Amino acid sequence: MNKKTLSLINETVLKTLAAGVNPWRKTWKSISDHGMPHNLKSKRNYSGANVILLGMQGAPCNSWVTYKQAVELGGNVKKGSKSSIVYFWQFLEKEDAGKKKTIPMVRTYRVFNALRDCEGLDHMVEQKGEEIGESHPADALNKYIKREGIGLDHGTNQPCYHPAFDRIHMPHESAFDSSDHYQGVLAHEAIHSTGHHSRLGRLTQKAAFGGENYALEELVAELGACYVCAQIGIEPDFNNSASYLKNWLDALKENDSWLISAGGKAQKAANLIFDQ
């Protein structure tokens, strides 16, 4: 995977973390206000880490277009506007010793926000995307937990997910500052549970009990909970402490493939919770 491309993709998130701002919270706010980031022409939602790359910008809408699409839709890009990077996977077929191999390659392209960066597209922008999830936040999580047969116990001091027993342990809701805080933590643990070997199979022994894989799994849970909470109307208690943000800044600097990897896994986890 091209290291230069990965560094370019990570640049926006690293700058935000370095400025002492929680990018997951900015993304949550953006999705809550304007729906999922999507392409204005195709109406398709962006996925994976692209949700973070576009959502964290605090743009006035979550509709995005390429320069060519802006013109095709009858608008134009404002002079001096700066584009934003998004990525996609391209799979190349290569023959090696008579055997065909599929090589995944990360490719990038540039998009512009339909309101902030363009003119003539205002009439096409919907300020709030289609709602995903339930009208009552707890319902989406509870339906997933019951559908998958996951145990849910209350009364512990610390929230956690035990993959060996396929059980989520939570403090009582009254121990949290608010119902949203409780649901946000439950969403985090529910994302972990999607990694069980009977589901998406992320949780190897290393991922469950420490080391680099454990840290990557925590990033998956952070991003996945952000996606889930934004779409079902929960405002979690985001950690904005300097030490927390610095930890992720250092981790993403050292592991430049994590954002793309975790973003894709978090999207699959959220889709499983919503049964999509």
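The rules behind the values
Residues numbered from 1 in each chain as written. Predicted model: local features only at pLDDT ≥ 70, side-chain atom pairs only at ≥ 80, totals over all residues. Heavy atoms only, no water. Helix = DSSP H or I, 4+ residues; strand = E, 2+ residues; numbered from the N terminus. Rg over C-alpha atoms; globule rule 2.2 N^0.38 Å. Buried < 20%, exposed > 50% of the residue type's maximum accessible area, 1.4 Å probe, protein only. Contact = heavy atoms within 4.5 Å. Areas by Shrake-Rupley, 256 points an atom, 1.4 Å probe, with all protein chains shown as cover. Lys, Arg positive; Asp, Glu negative; His and termini not counted. Charge placed at Lys NZ, Arg CZ, Asp CG, Glu CD. Pairing = 2+ DSSP bridges. Axes fitted to C-alpha atoms, helices over the stretch in contact; angles between N-to-C directions. Core = buried A, V, L, I, M, F, W, Y, C linked by side-chain atoms within 4.5 Å. Phe/Tyr/Trp six-rings, centres within 6.5 Å; stacked < 30°, edge-to-face > 60°.

Enquirer: What am I meant to see in the overall build of the protein here?
Expert: Scanning the protein for helices and strands turns up 10 helices and 9 strands. In terms of overall size, the protein behaves like a compact globule, its C-alpha atoms giving a radius of gyration of 20 Å where 276 residues would be expected to give roughly 19 Å. Looking at the protein as a whole, 47% of its 276 residues are labelled buried. Of the contacts formed within the protein by residues at least 6 apart in sequence, a portion of 68% connects residues at least 24 apart. Split by element, the accessible area of the protein, about 14100 Å² in all, is 49% carbon and sulfur. Taken together, the 32 basic and 31 acidic charged side chains of the protein have centroids lying 9 Å from each other.

Enquirer: Is there a simple way to think about the sheet that holds strand S9 (residues 167-170) in this case?
Expert: Pairing between sheet strands relies on hydrogen bonds along the backbone, with the strands arranged either parallel or antiparallel. Pairing is mixed across the open sheet formed by 3 strands, whose spatial order is S7-S9-S8. A strand with exactly one partner marks an edge of an open sheet, and here the two such strands are strand S7 (151-154) and strand S8 (160-162). Averaged over all neighbouring strand pairs, the angle between strand axes comes to 20°, with direction disregarded. Where S7 meets S9, 4 bridges bridge the pair, whose relative direction is parallel.

Enquirer: I'm lost on the sheet that holds strand S4 (residues 84-96) in this one. Help?
Expert: Taken in spatial order, the 4 strands of this open sheet run S1-S2-S5-S4, and their pairing is mixed. In the strand order of this sheet, the two ends are held by strand S1 (38-39) and S4, each with one partner. Summarising the sheet, S1 and strand S2 (residues 63-65) pair through 2 bridges and their orientation is parallel. The residue of S2 that forms the bridge with Asn39 is Trp64. Across the sheet, helix H1 (residues 3-18) touches S4 and strand S5 (99-113), and the angle it forms with S5 is around 35°.

Enquirer: I tried to follow the nonpolar core on my own but got confused; where do I start?
Expert: A general trend in soluble globular proteins is that nonpolar side chains are found buried together. Residues Val13, Trp24 and Val228 are the most contacted members of the largest nonpolar core, which totals 63 residues. Per element, the largest residue contribution to this core is 12 residues, and it comes from helix H8 (residues 212-232). Residues in contact with Val13, not counting those within four places in the same chain, are Pro23, Trp24, Ile52, Leu53, Met56, Leu252 and Leu259. Judged by nonpolar contacts, the second largest core, of 11 residues, contains Leu40, Cys61, Ala70 and Val77.

Enquirer: Explain the packing of aromatic side chains to me, please; I cannot follow it from the model alone.
Expert: Any pair of aromatic rings gets described here by the distance separating the centres and the angle formed by the planes. Throughout the structure, instances matching the rule amount to 3 aromatic pairs. Both rings, one in Trp28 and one in Phe238, keep their centres 6.0 Å apart while their planes meet at 55°; by these two values the pair is tilted. Here Trp28, found in helix H2 (residues 23-34), pairs with Phe238, found in the loop between H8 and helix H9 (242-254); they are 210 residues apart in sequence, far enough to count as distant. Ring centres of Phe88 and Tyr109 lie 5.8 Å apart, and the angle between their planes is 55°; on these two criteria the pair is classed as tilted. Of the two residues, Phe88 sits in strand S4 while Tyr109 sits in strand S5, which places them 21 residues apart along the sequence. Relative accessible area serves as the criterion here: at 30%, Tyr109 is assigned to the partly exposed category.

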